[in-house]
Amino acid sequence: MSRGDESKWDKVLQELGDFGVFQLKNYILISLVVLLPPVYGFSYVFTAADTNYRCRIEECEPPGAPFMNNRTLLELTIPQNEGRFARCDRFATINKTLDTCMISNIDYNTTMKCSDFIYDTTKRTIVSEWNLTCPENEWKLAFVGTMANFGQFIALPITGFFSDRFGRKTAFIISTLCCGLCGIIKSFSSTYTMLVLFEFLEMALGSGIYACGYVLGMELVGPSKRAFGTLFINSFYTTGGAILGFVAIWQDYWRDMLRWLYFPCLIVVAYFWLIPESVRWLLTMGRQDEASKIIRKAAKRNKVLLSEETIAILHGNTQPSIQPCIQQDVKVNPMGKKKKKSYPIASIFSSPALLLRLAICSFCWITNTFVYYGLVINSASFGDNIHTSFILGCFIEIPSFICSYLILDRIGRRWTLCSAFLVSGTACLAIIFTPTGYTGMRLLLFLFGRFGITISFTSIYLYTTEIFPTELRSSLLSFCSTVGRIGSAIAPQTPLLANIAKSLPMVLFCGTAIAASILILQAPETLNVKLPDTVQQAEKLNNSTSHNIQ
């Protein structure tokens, strides 16, 4: 589709309206599934959550004794540090063969590592399941989250290719089903190794749910409603996170929690008959008959009277100018000779503008995932209760989405991203200088940081879909999202960095956010610009920051 010859199919899609009843119905169905990714992506926050535990004093407490803070017993048997009882150490005994509970047998000058523990059973996580206690085993808790994010390195590029080759809808549904099946199996894990394996497989096979759903939704609507579509779908996303927090409060056993959360995935098989394929994708793949059927159905649902020209196109009397993006075996050049045609993805390597744009987007994605996931994982350190902090962090995202919706079409994509990164970075900087005793202030700053990084996360999805062409859009969105998983893979380790220096995680969050705010200004603006379909149109975005491509 050339710049001087607007696609007839674009005119057809414009006649349907930017956001009618047809789009609304499908957006609701897509968004109901988008409830699930945050539930599954963050379930390890509660599955692998630290829990209260202490040494079992073998001489005084029988095996399987309940978790009771008998202060008199603890003061006599466990050392204290800054007013807190140690969790992994106890005072040694003078006569190790004497197993009676006697004060005279305690050596207050010597400490020893605990040989057994008593757990707080009000919340049963994998900590008590497999004795993942003390610094020598705490890394295993962080490793669960890291493996989940490593799985996404595999899933997102495969999902992007699968989505571009076999369809947005197919990739969307299969990813959801794979995620659900792995999650249910994970809930029956008999060992820590099995849990980690299925945490990895779940993300490796099913973490493309949001990306597929987002692209499918964005290709349903017109330019004027892209920001609204983003607000719509992301409001469901953050609601899913809040649902996770409430279910974690309700189900105190991690296995039961997972079974309640993952079962809804199996219902998504009905979506093969409930939602349509992306019309724009069908057209780029040359499947015009299928696209025509969906357009007729959409026109009827939106109560739109199609023009005679459109009806002629739908009946095949006029050939649209949009070309399939699938690989062909051969093509004919002007000399009449046949030659091989390359894959569309290879065209980005001949475009310095797109390569630079890809690098900028990739860094911003790393920053988004690193800061966003890092703040979520460190929720417990910003309040008195991990569930309260987590749920409030989810709910603060709703005004973030509304703010994104209000400013994206006013100040543009670049300045929205720049401002959001600065807000989040500033909040993290302020946390560094806020004493730990000021719990309320730290929680407020945490929510402020979540507010900013959520705006940038929302905007970067929209921005990435707008600066790349249709034939590469899903693949490059998946590529950026995949590279971004570097940030989310590192984020679960940040609680361990706090053991080196308490402020180190916040320093890293602040530094990367401010760097991204500067870098994003080097990319083009896409406000009010029609989605480019070809590499050539995408390159022209540098010269058309506020005008439609014709």
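Here we summarise the structure given alongside this text. (Residues numbered from 1 in each chain as written. Predicted model: local features only at pLDDT ≥ 70, side-chain atom pairs only at ≥ 80, totals over all residues. Heavy atoms only, no water.)

Some words on the overall build of the chain
- Looking only at helices and strands, the chain features 25 helices and eight strands.
- Burial status across the chain gives 53% buried among its 550 residues.
- In the chain, of all internal contacts separated by at least 6 residues, the share reaching a separation of at least 24 is 77%.
- Carbon together with sulfur atoms contributes 63% to the accessible area of the chain, which is approximately 23800 Å² in total. (Helix = DSSP H or I, 4+ residues; strand = E, 2+ residues; numbered from the N terminus. Buried < 20%, exposed > 50% of the residue type's maximum accessible area, 1.4 Å probe, protein only. Contact = heavy atoms within 4.5 Å. Areas by Shrake-Rupley, 256 points an atom, 1.4 Å probe, with all protein chains shown as cover.)

Concerning the pairing of strand S4 (residues 89-93)
- Among the five residues in S4, four count as buried, and that is most of the element.
- Two strands pair when backbone bridges link them, and S4 and strand S5 (residues 106-113) are joined in this way by five bridges, in the antiparallel orientation. Following the sheet pairing, Phe-91 is matched in S5 by Thr-111. (Pairing = 2+ DSSP bridges.)

Digging into the environment of Ser-381
- By the secondary structure assignment, Ser-381 is in the loop between helix H17 (352-377) and helix H18 (386-395).
- Under the relative-accessibility criterion, Ser-381 is labelled partly exposed at 43%.
- For the pair Ser-381 and Pro-495, spaced 114 residues apart in sequence, the C-alpha to C-alpha distance is 9.2 Å.

Some remarks on the nonpolar core
- Counting residues in each nonpolar core, the largest one holds 128 residues, and the members touching the most others are Tyr-40, Phe-42, Phe-172 and Leu-375.
- Counting residues per element, this core draws most heavily on H17, at 13 residues. (Core = buried A, V, L, I, M, F, W, Y, C linked by side-chain atoms within 4.5 Å.)

Examining the state of the cysteines
- Tallying each qualifying case throughout the model produces two disulfides.
- The disulfide that involves Cys-55 links it to Cys-114, with 1.4 Å between the sulfurs. Note that Cys-55 is positioned in strand S1 (residues 53-55) and Cys-114 in the loop between S5 and strand S6 (117-119), a separation of 59 residues in sequence. Like Cys-55, the residue Cys-114 is buried in the burial classification.
- Sulfur-sulfur distance for the disulfide between Cys-88 and Cys-134 comes to 2.1 Å. Judged by the sign of its S-S torsion, about -115 degrees, the cystine formed by Cys-88 and Cys-134 is left-handed. (Disulfide = S-S within 2.5 Å.)

Notes on the pattern of salt bridges
- Throughout the structure, instances matching the rule amount to 12 salt bridges.
- With its nearest N and O atoms 2.8 Å apart, the salt bridge here joins Glu-202 to Lys-186. On the criterion of sequence distance, the pair formed by Glu-202 in helix H9 (residues 192-206) and Lys-186 in helix H8 (residues 168-186) is long-range, its members being 16 residues apart.
- Residue classification places Lys-186 among the buried residues on the basis of a relative accessible area of 1%. (Salt bridge = Lys/Arg side-chain N within 4 Å of Asp/Glu carboxyl O.)

Some points on the packing of H17 against helix H20 (residues 413-432)
- It is at 12 Å that the axes of H17 and H20 come closest, and there the two elements cross at 40 degrees. Judged on the interaxial angle alone, H20 and H17 are oblique. Every pair of crossing elements has a handedness; the one defined by H17 and H20 is left-handed. Taken together, the residues of H20 that come into contact with H17 (itself represented by Cys-364, Thr-367, Asn-368, Val-371 and Leu-375) are Phe-421, Ser-424 and Cys-428.
- Per-class residue counts for the contact of H17 with H20 are five nonpolar, three polar and no charged. (Axes fitted to C-alpha atoms, helices over the stretch in contact; angles between N-to-C directions. Parallel < 35°, antiparallel > 145°, perpendicular 65-115°, else oblique. Left-handed = near helix turned anticlockwise from the far one by under 90°. Nonpolar A, V, L, I, M, F, W, Y, C, P; charged D, E, K, R; others polar.)

Comments concerning the packing of helix H11 (residues 226-250) against H18
- Their axes nearest at 8 Å, the elements H11 and H18 cross at an angle of 165 degrees. Between H11 and H18, the crossing angle belongs to the class labelled roughly antiparallel. Considering the relative orientation of H11 and H18, their crossing is left-handed. In this structure, H11 contributes Thr-238, Gly-241, Ala-242, Leu-244, Gly-245, Phe-246, Ala-248 and Ile-249 to the contact, and H18 contributes His-387, Phe-390, Ile-391, Cys-394 and Phe-395.

Points about helix H15 (residues 288-302)
- Over its 15 residues, H15 runs 20 Å from end to end, which matches the ideal 21 Å to within 8%, given 1.5 Å per residue.
- Lys-303 lies just past H15 and shows a positive phi near 55 degrees. (Expected span 1.5 Å × (residues − 1).)

Considering helix H19 (residues 397-411)
- Under the 1.5 Å per step criterion, the end-to-end length of H19 is 20 Å for 15 residues, consistent within 8% with the ideal 21 Å.
- What H19 keeps buried is the set Glu-397, Ser-400, Phe-401, Ser-404 and Leu-408.
- Considering only its buried residues, H19 is in contact with H11, H17, H18, H20 and helix H21 (439-467).
- Gly-412, located one to two residues past H19, shows a positive phi value of around 95 degrees.

A short note on a nonpolar patch on the surface
- Together, Ile-174, Val-269, Phe-272 and Trp-273 make up a nonpolar patch on the protein surface, roughly 410 Å² of accessible area in all.
- Among the secondary structure elements, Trp-273 is positioned in helix H13 (residues 271-274).
- Classification of Trp-273 by relative accessible area gives exposed; the value is 70%. (Patch = residues over 30% accessible without salt bridge, like charges linked within 9 Å, V, L, I, M, F, W, Y side chains within 5 Å.)

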